[in-house]
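What the coordinates show
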Amino acid sequence: MKWFAPYIVGAPPQPIGATLADAWFWSGIALVLVSFLATRVVEESRAGEAILRAMDRITDPLWLRLDDFVRAVVAAFFVAIFAVGGVYLTPDLKTPAEWVSWIQLLIAGLVFSRRTQPLAALGLVGLWLLALRDYDVFHLLDYLALGVGVSAYLVLEACADTNWRKHRFEVLRWGVAIALMWSSLEKVAYPDWFYPLVDEKPFLTLGLPRDMFIPMAGVAEFTMGFGLIWTPLVRRLAAIALFIIFNAAVYPFGRVDLIGHALIMAIIVAIAADHTRQVHFLPAVKRRLAGVPAGLAAALIVFGTGYWGLHIAIYGIDGNVAAPAGERLTHTPNPEHPHGLSVR
């Protein structure tokens, strides 16, 4: 959202109690639980293994060259933002420093050799740290998990120790999953941020009322991110669904959206093509049907507490916004989107 509409990161988020009282939020959770549980039932049956084998056959050509694919896309991403110029890592992280773009081009070149991949990883982390000079740390948390995931992949892919190297795709998956779960909370913490986009492009809600669509969209993004860290069939189907959604967004939002989401889109393709059957984190929980609602509840608690808690810790209970008494400012002034002030 931050790429296309005005916002103020320091604005106080909507009280979490408002989300917990939203019937549409819980409707989305209920639909997701039914879908995940049904998928797990199928996955545990003979049909589940047959489906996974069919997916393996379809994605075999990509799986056999998956490292080449990921490295090529990482390099292409940095070439793209070099060509665009004026940004650190994403469209909302703007910088007037021309030399930043040349670092991006250097990173792209470093990706293609295992000897220099760790330097590329260091450069990526360095760009995130450079952005801290101009942007609040809470804003940059949106991109921390993905950046760490890609950097860790580049280091592990270049590692000679197979015991470490075998985890390279797993760290990518966790990086994207955490990034999606974190960023999805904007839709329930700051539904006002999305009003200008919905007003400008009403077709985005698929015909649903605005205040029904936004919380359910937040639930969808959070739970599909959650699905990426679950069992093989769940995570591959979640990746396919995410790929469809991200591609659908390119048409209304154009090149900015395509370049900005290129890394995520590439990684979810890699997740869909991943033949790995192992589950390393809490395998006993993930194999049980009861683990789905328990795991989702735990993820919501951890991320919800982290999002609201860190915002309060950084900006205070009332946020860090200079607004007239009685007004809640959530958007920077923008004559094209006069949604700056709202009384709560």
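Shown above is the structure to which this text applies.
Residues numbered from 1 in each chain as written. Predicted model: local features only at pLDDT ≥ 70, side-chain atom pairs only at ≥ 80, totals over all residues. Heavy atoms only, no water.

A word on the side chain of threonine 90
Relative to the helices and strands, threonine 90 is located in the loop between helix H4 (66-84) and helix H5 (98-110). A polar contact is formed between the side chain of threonine 90 and the side chain of aspartate 92, at a distance of 2.7 Å. (Helix = DSSP H or I, 4+ residues; strand = E, 2+ residues; numbered from the N terminus. Polar contact = N/O pair within 3.5 Å; in protein donor to acceptor, adjacent residues only side chain to side chain.)

Some details on the layout of surface pockets
In this structure, the second largest pocket encloses a volume near 300 Å³. Taken together, 17 residues make up the lining of the second largest pocket; nearest its centre are Leu20, Phe25, Trp26, Leu300 and Ile301. Secondary structure elements with two or more residues in the lining of the second largest pocket: helix H1 (16-20), helix H2 (23-44) and helix H16 (291-315). Partitioning the lining of the second largest pocket into residue classes produces 14 nonpolar, three polar and no charged. (1 Å grid on protein atoms, 1.4 Å probe; cavity = no way out; pocket = protein on both sides within 12 Å on 5 of 7 lines; lining within 4 Å. Points joined across faces, edges and corners; volume = space filled by probe spheres on them. Nonpolar A, V, L, I, M, F, W, Y, C, P; charged D, E, K, R; others polar.)

Notes on the packing of aromatic side chains
The tally for this structure, following the rule as stated, stands at 15 aromatic pairs. Note on phenylalanine 138 and tryptophan 182: the rings are 5.9 Å apart at their centroids and 55° apart in plane angle, and the pair reads as tilted. Here phenylalanine 138, found in helix H7 (residues 137-157), pairs with tryptophan 182, found in helix H9 (residues 168-184); they are 44 residues apart in sequence, far enough to count as distant. We classify tryptophan 182 as buried; its relative accessible area is 10%. One aromatic cluster is present, formed by Phe138, Trp182, Tyr307, Trp308 and Tyr315 through successive ring pairs. (Phe/Tyr/Trp six-rings, centres within 6.5 Å; stacked < 30°, edge-to-face > 60°. Buried < 20%, exposed > 50% of the residue type's maximum accessible area, 1.4 Å probe, protein only.)

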